[in-house]
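Geometric and topological summary
Here's the letter readout for the chains.
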Amino acid sequence: MARDNRSTVRLDAPKGLRTRVLPGRRGPGRDRFGRATESVARGMGTPYFLIALTLFCVAWMIFNTIAPEAWRFDSAAIGFTALTLILSLQASYAAPLILLAQNRQDDRDRVQFEQDRQRAERNLADTEYLAREVVALRIAMRDMASKDFIRAELRSMLDELDRRDADESDTTRASSAPARREQRHDARHDGHRG
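First, a word on what this report is: a plain description of the structure on this page.

1. As for the overall build of the protein chain
When its secondary structure is counted, the protein chain shows four helices and zero strands. Counting helices and strands in the order they occur from the N terminus, the protein chain gives α-α-α-α. Looking at the protein chain as a whole, 8% of its 194 residues qualify as buried. Across the protein chain, contacts joining residues at least 24 apart in sequence account for 44% of those joining residues at least 6 apart.

2. Regarding the packing of aromatic side chains
Enumeration according to the criterion identifies three aromatic pairs in this entry. Aromatic rings pair up to connect Phe 56, Trp 60, Phe 63 and Phe 73 into one cluster.

3. Observations concerning the environment of Leu 83
Summarising the element assignment, Leu 83 is placed in helix H3 (residues 81-143). As a C-alpha pair, Leu 83 and Met 61 span 22 residues in sequence and 8.5 Å in three-dimensional space. Apart from residues no more than four positions distant in its own chain, Leu 83 is found in contact with Phe 56, Cys 57, Trp 60, Met 61 and Asp 74.

4. Some thoughts on a nonpolar patch on the surface
A contiguous nonpolar patch, built from Phe 149, Ile 150, Leu 154 and Met 157 and spanning about 400 Å² of accessible area, is present on the exposed surface. With respect to the helices and strands, Leu 154 occurs in helix H4 (residues 147-193).

5. Digging into the packing of helix H2 (residues 47-66) against H3
Axis separation between H2 and H3 bottoms out at 11 Å; the angle between their running directions is 160°. With respect to each other, H2 and H3 are oriented roughly antiparallel. As for the relative orientation of H2 and H3, their crossing is right-handed in sense. Along its contact with H2, which presents Phe 49, Leu 53, Phe 56, Cys 57, Trp 60 and Met 61, the element H3 presents Ala 82, Leu 83, Ile 86, Leu 87 and Gln 90. Taken together, the residues that form the contact of H2 with H3 break down as 10 nonpolar, one polar and no charged.

6. Examining a negative patch on the surface
A cluster of acidic side chains, namely Asp 159, Asp 162, Asp 165, Asp 167 and Glu 168, defines a negative patch on the protein surface. Along the chain, Asp 167 falls in helix H4. Accessibility expressed as a relative area gives 49% for Asp 167, which makes it partly exposed.

7. Comments concerning the side chain of Asp 74
Inspection of the secondary structure assignment puts Asp 74 in the loop between H2 and H3. Looking at Asp 74, its side chain comes within polar contact range of the side chain of Trp 60, at 2.9 Å. The contacts of Asp 74, once residues within four sequence positions are left out, are Trp 60, Asn 64, Phe 80, Thr 81, Ala 82 and Leu 83.

8. Digging into H3
Across its 63 residues, H3 extends 92 Å between first and last C-alpha, which sits within 8% of the 93 Å expected from 1.5 Å per residue. Buried within H3 are the following residues: Leu 83, Ala 94, Leu 97, Ala 101 and Arg 104.

9. A closer look at the pattern of salt bridges
Inspection of the entire model under this criterion finds 10 salt bridges. Salt-bridge contacts for Arg 117 lead to Glu 114; the nearest nitrogen and oxygen are separated by 2.3 Å. Here the residue Arg 117 and the residue Glu 114 both occupy positions in helix H3, the gap between them amounting to three residues, near one helical turn. Classification of Arg 117 by relative accessible area gives partly exposed; the value is 34%. Note on Glu 114: relative accessible area 29%, which makes it partly exposed.

Cut-offs used in this document
Residues numbered from 1 in each chain as written. Predicted model: local features only at pLDDT ≥ 70, side-chain atom pairs only at ≥ 80, totals over all residues. Heavy atoms only, no water. Helix = DSSP H or I, 4+ residues; strand = E, 2+ residues; numbered from the N terminus. Buried < 20%, exposed > 50% of the residue type's maximum accessible area, 1.4 Å probe, protein only. Contact = heavy atoms within 4.5 Å. Phe/Tyr/Trp six-rings, centres within 6.5 Å; stacked < 30°, edge-to-face > 60°. Patch = residues over 30% accessible without salt bridge, like charges linked within 9 Å, V, L, I, M, F, W, Y side chains within 5 Å. Areas by Shrake-Rupley, 256 points an atom, 1.4 Å probe, with all protein chains shown as cover. Salt bridge = Lys/Arg side-chain N within 4 Å of Asp/Glu carboxyl O. Axes fitted to C-alpha atoms, helices over the stretch in contact; angles between N-to-C directions. Parallel < 35°, antiparallel > 145°, perpendicular 65-115°, else oblique. Left-handed = near helix turned anticlockwise from the far one by under 90°. Nonpolar A, V, L, I, M, F, W, Y, C, P; charged D, E, K, R; others polar. Lys, Arg positive; Asp, Glu negative; His and termini not counted. Charge placed at Lys NZ, Arg CZ, Asp CG, Glu CD. Polar contact = N/O pair within 3.5 Å; in protein donor to acceptor, adjacent residues only side chain to side chain. Expected span 1.5 Å × (residues − 1).

Written out as structure tokens, the structure is:
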């Protein structure tokens, strides 16, 4: 599906189908301009810029003082008026560029601060949750049987089983004694019969 030409787009068409007549305020162009102003402002704050500006001014003054009269474009007699205008123009653009870069940095700092605050809140919530879980585990551990308690219980159960075995063996011996007597008695009678 091909895009419509500007001449064929109607004003009663939905907004998504229309092209903009005037550029919008937000867009990649504005961000690009902001990044450019930040790089210029960052460059103006370096020692290299100050050294380059000083060398430019010195070269300007030396050329307009030593060069032949026909080649000079700014007179030392009137105080290097063109140089003064150029430096004033540079300063008048530098101040707003620096302010714009500072505003953009403030916006970034504000966003970063908000993200840090949200991260700190999440960390606090996670820490509180983990603290509650640790407390719950400690309470659950208090209710659990300790190693010594389990050993004592096992010993008492073994003692009880030993007593039962001893009782059973005593009752088995006692009950087996009459049975043995009967077997002996039966064996005697069988031997007499044969």
